[in-house]
Amino acid sequence: MREPDTILIHCSATPEGKDFTVADIDRWHRAKGWNGIGYNYVVYRDGSYHLGRSLSVPGAHCPEEGMNRRSIGIVYIGGCAADGKTPKDTRTPAQKRTLVTLIRTLKGRYPSITRVLGHRDIKGVHKACPCFDARTEYRNI
């Protein structure tokens, strides 16, 4: 059983107001040559969350050496303005509530988790993802 120490928050880098699913992300990641969706959870715009990659399998969502084995990856649908290019925090109120609930649940399940970071907080990552300051927002959870 994995003992993750980090939750990494991502955005799907998709235009605000548009819905995408686990199946869509799985297809995108397979097109990159991966063996399936890289995130463990996907938070839809309506606030529902869905299992992506099994928690028993290391993710494929972070380039830092060893981080995929040590983390749980959560992605919310959105993260770009309507143009599909400009980074923007597009989380719906429902997504915001679900992210907090999911983080609390995972921290309760895995006492080894000591930090919640955004993808952009990882060394060597040069993107806005998840388009908000996850480290600060979830610091007290």
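Presented here is an overview of the structure given in this document. Just so it is clear, the model here is predicted, and its values are computed rather than measured.

Examining the state of the cysteines
Applying the stated rule across the entire model yields zero disulfides. The thiol of cysteine 11 is unpaired, and the distance to the nearest cysteine sulfur, on cysteine 129, comes to 3.9 Å.

Considering the environment of isoleucine 74
Tracing the backbone shows isoleucine 74 in strand β5 (residues 71–76). Judged by relative accessible area, which is 0%, isoleucine 74 ranks as buried. Measuring from C-alpha to C-alpha, the distance between isoleucine 74 and leucine 51 comes to 9.4 Å, with 23 residues separating the pair along the chain. The residues touching isoleucine 74, leaving out its near neighbours within four places in the chain, are Ile7, Leu8, Ile9, His10, Tyr41, Val43, Leu99, Leu102, Ile103 and Leu106.

Points about helix α1 (residues 22–31)
Here α1 has its buried residues at Val22, Asp24, Ile25, Asp26 and His29. Phi turns positive, to about 95°, at glycine 33, one or two residues after α1.

Regarding the nonpolar core
Ranked by size, the top nonpolar core spans 21 residues in total, and within it Ile7, Ile9, Ile74, Leu106 and Tyr138 carry the most contacts. Those elements giving two or more residues to this core turn out to be β1 (6–11), β3 (41–43), β5 and α3 (93–109). The leading source of residues in this core is α3, at four residues. Once you skip the residues sitting within four places of it in the chain, leucine 106 turns out to touch Ile7, Tyr41, Ile72, Ile74 and Ile113. Ranked by size, the runner-up nonpolar core spans nine residues in total, among them Phe20, Val42, Tyr44 and Ile77.

Definitions and limits used
Residues numbered from 1 in each chain as written. Predicted model: local features only at pLDDT ≥ 70, side-chain atom pairs only at ≥ 80, totals over all residues. Heavy atoms only, no water. Disulfide = S-S within 2.5 Å. Helix = DSSP H or I, 4+ residues; strand = E, 2+ residues; numbered from the N terminus. Buried < 20%, exposed > 50% of the residue type's maximum accessible area, 1.4 Å probe, protein only. Contact = heavy atoms within 4.5 Å. Core = buried A, V, L, I, M, F, W, Y, C linked by side-chain atoms within 4.5 Å.

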